[in-house]
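# Structure at a glance
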Amino acid sequence: MGHNAFPTLNNPFLLIIWSGMAFLWAFVMWEFSNDPIKNFRLAKYPWIEKCVTTYAVTWGVFIDGSAPMVVFLFVLYTDVLWIVLFIIAHINLRKIMAG
């Protein structure tokens, strides 16, 4: 029997919740992209959410061992790199708003 990098999904509701969050953030980003100046306050929510996700996954991998390392590696790409980009965009928008 081969090694599976992903554990068996015992809690499908977590996948549904996480998928719902991704869907929600797609709408937030859509709203934001329609008028970034008008909706600049929305710019902080994606990076805050990604910080929470990164914290939770880091805890699960390194503190209590409830998440596999491969999840952490995915989060490095899907969240950590984007946190920096979202913060830069937020700072730039604040500069534009300040005039």
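The preceding data block contains the structure.
To keep things clear, this report deals only with the structure shown in the data block. Predicted model, so just to flag it, every value in this text is computed and none were measured. (Residues numbered from 1 in each chain as written. Predicted model: local features only at pLDDT ≥ 70, side-chain atom pairs only at ≥ 80, totals over all residues. Heavy atoms only, no water.)

### Concerning the pattern of salt bridges
Enumeration over the complete set of coordinates arrives at 1 salt bridge. In this structure, the salt-bridge partner of Lys50 is Asp79, at a minimum N-O distance of 3.5 Å. Here the residue Lys50 occupies a position in helix 2 (residues 44-63), and Asp79 occupies one in helix 3 (residues 69-98), the gap between them amounting to 29 residues. Lys50 sits in the buried class, given a relative accessible area of 15%. (Salt bridge = Lys/Arg side-chain N within 4 Å of Asp/Glu carboxyl O. Helix = DSSP H or I, 4+ residues; strand = E, 2+ residues; numbered from the N terminus. Buried < 20%, exposed > 50% of the residue type's maximum accessible area, 1.4 Å probe, protein only.)

### Comments concerning the nonpolar core
Counting 5 residues, the largest nonpolar core consists of Val57, Val61, Val71, Phe72 and Val75. Secondary-structure elements contributing two or more residues to this core are helix 2 and helix 3. Looking at which element gives the most residues to this core, the answer is helix 3, with 3 residues. In contact with Phe72, not counting residues within four places along its chain, are Val57, Thr58, Val61 and Phe62. (Core = buried A, V, L, I, M, F, W, Y, C linked by side-chain atoms within 4.5 Å. Contact = heavy atoms within 4.5 Å.)

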